[in-house]
Amino acid sequence: MANEIPLRSQVQESDKWDLTSLYPCDEAWETDLAKLQKKITEAGKFQGTLGKSPENLLEAMKWISDAFMLAEQVYVYASLKSSAESNDPENQRKMGVISQVYTDLVASVSYMDPEILEIKNIEKWIQAKEFDESRIYLKKILRQKDHTLSPKEEEILAKQSELQGTPQRAFGMLTNVDLDFGKIDDAPLSQGTWGSFMINPDRDVRRRAYEQFYKTYEKHEQTIATLYAGSVKQDIFNARIRGFDTALDAALYRDDVPKSVYTGLIEAVHKAFPALHRYYALRKKIMGVDELRHYDVYVPLVSSIKTHKTYEEATEIIREALAPLGEEYVKTIYKGLTTDRWVDRYENKGKRSGAFSSGGFIGAPYILMNYKEDVLGDVFTLAHEGGHSMHSYYSKRNNPYLCYDYTIFEAEVASTFNEQLVARYFIDHAESKEMKTYIIAKQIDDIIATLFRQTMFAEFELLCHTQQENGQPLTASTMRKTYRGLLEAYFGPEMKFEENSDMEGLRIPHFYNAYYVYKYSTGISAAIALSERVLNGGKAELEDYLGFLKSGGSKFPIDTLKGAGVDMSTQAPVEAATKKFAALLDEFEKLIG
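Bear in mind the structure is a predicted one, so any value in this text is a computation, not a measurement.

Peer 1: Sorry if this is basic, but what is going on with the overall build of the protein here?
Peer 2: Of regular secondary structure, the protein possesses 24 helices and 7 strands. Overall, the protein is about 75 × 55 × 50 Å in size when its C-alpha atoms are taken along their principal axes. When contacts within the protein are restricted to residue pairs at least 6 apart in sequence, those whose partners lie at least 24 apart make up 75%. Summed over all atoms, the accessible surface of the protein reaches about 26300 Å², with 50% contributed by carbon and sulfur. Distance between charge centres in the protein, computed from 72 positive and 88 negative side chains, equals 1 Å.

Peer 1: Where do I start with the pattern of salt bridges in this structure?
Peer 2: A side chain with one charge can pair with a side chain of the opposite charge if their charged atoms come near. Taken as a whole and assessed by the stated rule, the structure comprises 43 salt bridges. Between Asp-544 and Arg-533 there is a salt bridge; the shortest N-O distance is 3.1 Å. In this pair, Asp-544 sits in helix H22 (residues 539-551) while Arg-533 sits in helix H21 (residues 518-536), placing the two residues 11 residues apart along the sequence. Through salt bridges with shared partners, one network takes in Asp-26, Glu-30, Lys-81, Glu-90, Arg-93 and Lys-94.

Peer 1: Would you mind showing me how to read a nonpolar patch on the surface here?
Peer 2: Together, Tyr-75, Tyr-102 and Val-106 make up an exposed nonpolar region whose accessible area comes to about 230 Å². Looking at where Tyr-102 falls in the secondary structure, it is placed in helix H3 (residues 89-108).

Peer 1: Explain unusual backbone geometry here, please?
Peer 2: Residues apart from glycine generally show negative phi values, whereas peptide bonds are mostly found in trans. Of note, Asp-185 is a non-glycine position whose phi angle comes to about 55 degrees, a positive value. Along the chain, Asp-185 turns up in the loop between strand E1 (183-184) and strand E2 (187-188). According to the relative accessible area criterion, Asp-185 is exposed, its value standing at 52%. For Tyr-515, which is not glycine, the phi dihedral falls at a positive 55 degrees. Its place among the elements puts Tyr-515 in the loop between strand E7 (495-496) and H21.

Peer 1: What's the story with the sheet that holds strand E5 (residues 356-358) in this structure? I'm lost.
Peer 2: By definition, the strands of a sheet pair up through backbone hydrogen bonds, in either a parallel or an antiparallel sense. Within the open sheet, the 3 strands sit side by side as E4-E6-E5. Their pairing is mixed. Only two strands of the sheet have a single partner each, and these edge strands are strand E4 (343-344) and E5. Taken together, the 2 bridges between E4 and strand E6 (residues 366-368) define a ladder with parallel strand orientation. Bridging across to E6, Val-343 finds its partner in Ile-367.

The rules behind the values
The numbers attached to residues start from 1 for each chain and follow its sequence in the written order. pLDDT decides what is reported in this predicted model: residues at 70 or higher carry local features, side-chain atom pairs at 80 or more are listed and counted, and totals for whole chains, interfaces and linings draw on all residues regardless. To get the side-chain values, all heavy atoms of the structure are used, and hydrogens and water are removed first. Under the scheme used here, helices are H or I runs from DSSP no shorter than 4 residues and strands are E runs no shorter than 2 residues, and both carry numbers assigned from the N terminus. Only heavy atoms enter the contact rule, under which two residues are in contact if any of them lie within 4.5 Å. Using a 1.4 Å probe, the Shrake-Rupley method yields the accessible areas, and only the shown protein chains count as cover for residues. Positive charges come from Lys and Arg alone, negative charges from Asp and Glu alone, with His and the N- and C-terminal ends not counted. Throughout, a charge is located at the NZ atom of Lys, the CZ atom of Arg, the CG atom of Asp or the CD atom of Glu. We define a salt bridge as a contact between a side-chain nitrogen of Lys or Arg and a carboxyl oxygen of Asp or Glu at a distance within 4 Å. Like charges are joined within 9 Å and nonpolar side chains (Val, Leu, Ile, Met, Phe, Trp, Tyr) within 5 Å, but only among residues with over 30% relative accessible area and no salt bridge; these make up the patches. Buried residues are those whose accessible area, probed at 1.4 Å on protein chains only, stays under 20% of the maximum for their type, while exposed residues exceed 50% and partly exposed ones sit between those limits. By this definition, two strands are paired if DSSP reports at least two bridges between them.

Given below as structure tokens:
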């Protein structure tokens, strides 16, 4: 009975997040939902008035700030309730209602951006002190002038925005619900258990799970390929209707990221192929196999370490590991992870898998975990999500609502930075050579997963979009051929792939959020550079990093990171990360003799 997954009602209150910083009860949420619905009916009152005077524009900006702050608060509460207990019909209702209301809110104000862009004296107006809280927000709108449509066209696009996610939702339902992957030795094979099978020490179990998993996908390859092709076409349509040459241009424009950052990332990683291929040759040698197969690459090379860290022990480790970030940072995150109950700690029935940090301008920066005491990686995950939450904590305390939200490009820096410090702590406090070897092996695996693999995914996205943009239709055959070429290039000559290994390219859900995954690669590169800068520096370097956390969305990400001490517009941070990978590999080889 003790090993069964508990119901939500059976979980101790102290192990759940405390959502009262958002709402004391569901009734209060319903009250704000009604207020939000009323606000939507008021949205049209500003139409035709924004350019008449600075006072009119200021009034509209105050309304926008209040309305979307309220919408965020209502949405976050419903989302967190659903994530913790998605099988509760009431939580499902909450999410359905707020999703539609949020779409209606966006549509109701769709006239504002085009109208703001027609104000002749706006550059002069926003210099006034009264615009301090909305100046950056308005400047970002003005930057969109060449890519903003008429009010009516913007309203149409806003109203059908929910439909654009249909390929992604259909893919999710097919792969997470409809597909039956069967069993391996009476154990269910699924999306959720796939990772466990791939780290199973029994090679025959891994092989059978791999073959069965991808054979199931292969039976539906035409459907999945059609869904992804539809998603790519939607990306291209959205880009071209707004006057961009390519979908990549449109995706990067939002964050003011030069295209050279994307292509430079791929180039820098390609230069590091010799070190990556050396790793796979070493893996083959350590595993003692005649042929290294794709189902061999996730098995830990150091598997003898058994650890047991309670949640409380994990928070103590994090407190000590993050000490270089200063007393205020450490005190705040420790309270958040413990007594302030930012964290929903353990698994329960109906709870979303994995981990995330989520919150808004109002309320705590919450963290969902499924913490397991015998999984050392969960200590790193808790520190990772804590990094996101502290980024949000500092951001909303140093910025007005309209410019507090930072980009994903920046978000992955703050989280991975914390992981770097935890890794350093474990190495410095390793009780044995085996533990040190284990942590270094984990760092190597993390760089492969976050830098090399995500760059491979990013290159696949670019190749697929470019093919479609050049008028060459995407098919299951062309996608698989493209992906196989990348597999062979990245894994190198030591790897022998199965005939259906290229089906992996059709099962990555992130591809339905175009040009997103490259931010994991840039994020870890920036995090490695900044963590070493803080650890090897002094007060000035720490203040630069904390300044980055406090900046929120007040600048574009490249400029924000430059202020912290790393220039992501060059290949240098990525090249430094690949060099660290090679250095870790050297150290690992010495430790294992």
